[in-house]
Amino acid sequence: MDQDTVDIKEYLEGSMSAFHRLYTRYERQLFFYISSMVRNNETAEDLFQDVWMQVLKKLSSFSFKGKFSNWLYTIAHHKVIDYTRSSGTRQSAHLEDTISSEDTATFHDVLADPAPDVLHTLSTRELYERVLQVVETLPAEQREVFLLRSDAGMKFKEIAAMMNISINTVLGRMHYAVSRIRQELKHEYHEHETI
Amino acid sequence: MNIMNMKRSDPHEKIWKGEPWDEDAAAYMPRPSEPTRTAIFEAARLQAAAVTPKTFISRMIRWRLVPALGTVCILLLAAISIWYYREYRHTPVIAVADEPALEEMVEYVTSTYEPDEILAETTDSESGSIQDQFLAELAVAHETLASLEIDIEYDYFSL
């Protein structure tokens, strides 16, 4: 039994400390996902609260068949979609939806490429801070796939099912996102070297 | 420390390859505001309070069920023990080792190895070797008797 399941069951028996543990485990990651998707802090706060309200409302009927984190991010994903639809702020040009199979093939090649040693000159803090900044600049679809993979730790097929798109599209978006982040990091450590 | 493990937990490699980040990555992410957190916790507290009576009832049922089930188990165990005792109390554990059975077996063995009958049919020249044979057979009879006594004592016949 994973820790989420334990905490949910304890919370459903009235333990607030169990809820505290559950909430804290996802607080920052989920908030970052929402705020990155809507790019408005106030809206992000509202949606984040809405997500947790829905979680609390539906938690007693949670089936424990799937992972809680996937369920949580699915709720958040739908909240973000509802918001973007209602506000008309869909940002992406949908260019990456036409990704060819060649692009998805290159993603696997990209994975095999090891990080350059010079990248390790950046501290973990500098690295994450830089990456989180770069993530904000990605197109919405790439950003979402990247965050669901890296931040939420979901599998590609889970992301595909959640977003109702093909796995090739997911891999293609991830490929673009990772390539873009690598580009920015290379630029970052070149700057780092010249200082 | 294992080099493979070091590689696996290296955030630089994970970011470079687009793998899921370590949990400590969250430390570099912003938190929601305090009012938002307070509102969520308040809702969670209300929800927890709403589910408590149901939990209380289920606990009460559980508390009543556990002793009841325990009592049933103990009674069942006692009934099985009494039945088993009654059924197997007179199993011939020692009864098999009764004197008549032992005596009967001794009589059989001694009559089988009766020395007089053997000696009566032999000449004097053969009597020395026959006596040796008799002694050997007597030793065998002793062994047989001894093992028979053990068998009877430990009730191997009842198996």
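All values derive from a computational prediction rather than experimental measurement. Here the residue numbering is sequential within each chain, running from 1 through the sequence in written order. Labels are handed out in written order, letters beginning with A for the chains and numbers beginning with 1 for the ligands. Side-chain atom pairs in this predicted model are given and counted only at pLDDT of 80 or more, local residue features only at pLDDT of at least 70, and totals for whole chains, interfaces and linings cover all residues. Neither water nor hydrogens contribute to the side-chain values; these are computed over all heavy atoms in the structure.

Topic: the nonpolar core
- Core analysis: the largest hydrophobic core is formed by 67 residues, its most contacted members being Phe-19, Ile-34, Trp-52 and Phe-68 of chain A.
- The biggest single contributor to this core is helix H2 (residues 16-38) of chain A, with 13 residues.
- Apart from residues lying up to four places away in sequence, Phe-19 of chain A is in contact with Tyr-11, Trp-52 and Leu-56 of chain A together with Ile-40, Phe-41 and Ala-44 of chain B. To qualify as a nonpolar core, a set must consist of buried Ala, Val, Leu, Ile, Met, Phe, Trp, Tyr and Cys residues joined through side-chain atoms within 4.5 Å. The cut-offs for exposure are 20% and 50% of the maximum accessible area for each residue type, with area from a 1.4 Å probe on protein chains only; residues under the lower value are buried, those over the upper are exposed, and the others partly exposed. Put simply, DSSP H or I for four residues or longer makes a helix, DSSP E for two residues or longer makes a strand, and each gets a number counted from the N terminus. Throughout, a residue-residue contact means that at least one pair of heavy atoms, one from each residue, lies within 4.5 Å.

A few points about the confidence of the model for chain A
Residue and element names in this part refer to chain A.
- As a per-residue measure, pLDDT tells how confident the predictor is, with possible values from 0 to 100. Of all residues in chain A, 80% attain a pLDDT of 70 or more, and the chain-wide mean is 83.
- When the elements of chain A are averaged for pLDDT, helix H5 (residues 101-112) gives the smallest value, 56, and helix H3 (residues 41-58) the largest, 94.
- Confidence drops under pLDDT 50 across residues 92-102; counting only partners more than four residues distant or on other chains, this segment forms 16 contacts.

Brief notes about a nonpolar patch on the surface
- A surface patch of nonpolar side chains, about 390 Å² in accessible area, is lined by Trp-83, Tyr-84 and Tyr-88 of chain B.
- By secondary structure assignment, the location of Tyr-84 of chain B is in helix H3 (residues 34-88). Candidates for patches are residues over 30% relative accessible area with no salt bridge; among them, like charges are joined within 9 Å and nonpolar side chains (Val, Leu, Ile, Met, Phe, Trp, Tyr) within 5 Å. The accessible surface values rely on the Shrake-Rupley method and a 1.4 Å probe; as for residues, cover is taken only from the protein chains in view. One side-chain nitrogen of Lys or Arg within 4 Å of one carboxyl oxygen of Asp or Glu is enough to make a salt bridge.

What about the packing of H3 of chain A against helix H4 (residues 68-87) of chain A?
All names here are of chain A.
- Only the contacting stretch of a helix is used when fitting its axis, a line to C-alpha atoms as for every element, and angles between N-to-C directions run 0 to 180 degrees. Taken N-terminus to C-terminus, the directions of H3 and H4 make an angle of 130°; their axes are 10 Å apart at the nearest point. By the criterion of interaxial angle, the relationship of H3 to H4 is oblique. Like other packed secondary-structure pairs, H3 and H4 cross with a definite hand, here right-handed. The residues of H4 that touch H3, namely those facing Thr-43, Leu-47, Asp-50, Val-51, Trp-52, Gln-54, Val-55 and Lys-58, are Phe-68, Trp-71, Leu-72, Ile-75, Ala-76, Lys-79, Val-80 and Tyr-83.
- In this classification, Asp, Glu, Lys and Arg are treated as charged, Ala, Val, Leu, Ile, Met, Phe, Trp, Tyr, Cys and Pro as nonpolar, and every other residue, Gly included, as polar. In the contact of H3 with H4, the residues fall into eleven nonpolar, two polar and three charged. Each angle is binned into one of four classes, with values under 35 degrees roughly parallel, values over 145 roughly antiparallel, values of 65 to 115 roughly perpendicular, and all other values oblique. Crossings are assigned a handedness: left-handed for a near helix turned anticlockwise from the far helix by less than a right angle, right-handed for a clockwise turn.

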